[in-house]
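Letter by letter, the chains look like this.
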Amino acid sequence: MIQKTRGIVLHFIKYSETSVIASIYTEKFGRQSFLIKGVRGKKSNIKANILQPLYLLDMEVNNKPNRDLQSIKEVRNAFVFSSIPHDIRKSSISLFIAEILYKTIREQEANKGLFDFLYHNIQLLDLKTEGIPNFHLYFLLQLSKYLGFYPTNNYSETEPFFDLLNGNFVPLKPLHSYFINPELSLCFSRLIQYQGIQQQEIDLSYNQRINLLEKIVEYYYLHNDGLKNIKSLVVLRDVFH
């Protein structure tokens, strides 16, 4: 049955000389894999450049439940990016976010709240002119709400260590190695409080930003089974240096 849905590209791989398998998070069906034949051929109606990470799509799909590979009848850009493909900071962030989503989202069912959050924030990244270096930090923390391990913000002078294993601030350095020190924990608490509609950006040094990013990724590793080795993290370190 042919149905219309919006989609967010997570990843694609070459399947044959002219075909690809694309992993797309759809509004109606959750994460789906699509075999797109001939997309790399000269006469194809669907071009491979539309399948770049985080591209937003309007799709007509032939959805068949319980099939590993679905098929696409038609696909087109739902929102044409004006800056992400041309701004190395934004393109690096988009690759990083796409890799995180590809490795964390598994559900093959609709989740409108999650889809709307992703769709809106991807558009926001493209339109943003300020606060770009911190965008992925805010994004990861907000995404953790939908993944089920949003941190508890109980920071205080008497509870200055963030325990990455338990997801909250504690008074003493934990006996394990998964924690954030007091100085960085204060910055982390401010990030948790931050709302995207705020005009004032949180001022972070390069070292603070990188250290926080590494700790947030470590937090993801601890709370999301199967998430390992985020390769695009190295690119972000270099781009924002």
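For the structure, check the block above.
Below or above, wherever it landed, is the structure these notes cover.

Calculation criteria
- Residues numbered from 1 in each chain as written.
- Predicted model: local features only at pLDDT ≥ 70, side-chain atom pairs only at ≥ 80, totals over all residues.
- Heavy atoms only, no water.
- Helix = DSSP H or I, 4+ residues; strand = E, 2+ residues; numbered from the N terminus.
- Buried < 20%, exposed > 50% of the residue type's maximum accessible area, 1.4 Å probe, protein only.
- Polar contact = N/O pair within 3.5 Å; in protein donor to acceptor, adjacent residues only side chain to side chain.
- Contact = heavy atoms within 4.5 Å.
- Pairing = 2+ DSSP bridges.
- Axes fitted to C-alpha atoms, helices over the stretch in contact; angles between N-to-C directions.
- Expected span 1.5 Å × (residues − 1).

**Remarks on the side chain of His 136**
Then step 1. As for its placement among the helices and strands, His 136 is situated in helix α3 (residues 135–147).
Then step 2. We classify His 136 as buried; its relative accessible area is 2%.
Then step 3. Side-chain polar atoms of His 136 contact the backbone oxygen of Pro 133, separated by 3.5 Å.
Then step 4. Once residues lying within four places of it in the same chain are set aside, the contact partners of His 136 are Ile 93, Phe 96, Leu 213, Leu 236 and Phe 240.

**Looking at the sheet that holds strand β1 (residues 2–14)**
Then step 1. Taken together, five strands build an open sheet; the order of strands is β3-β2-β1-β4-β5 and the sheet is antiparallel. Pairing within the sheet leaves two strands with one partner each, and these edge strands are β3 (30–36) and β5 (71–77). The average angle at which neighbouring strand axes cross in this sheet is 40°, direction not considered.
Then step 2. Pairing geometry for β1 and strand β4 (residues 56–62), over seven bridges, is antiparallel. Note on β4: the bridge partner recorded for Gly 7 is Leu 57.
Then step 3. This element, helix α2 (residues 112–127), spans β1, β2 (20–26) and β4 of the sheet and lies at about 65° to β1.

**Quick look at α2**
Then step 1. If you check α2, its first and last C-alpha atoms are 22 Å apart, about what 16 residues at 1.5 Å a residue would give, namely 22 Å.
Then step 2. Every buried residue of α2 is listed here: Leu 114, Phe 115, Phe 117, Leu 118, Tyr 119, Asn 121, Ile 122, Leu 125 and Asp 126.

By themselves, these are just geometric observations and shouldn't be taken as functional.
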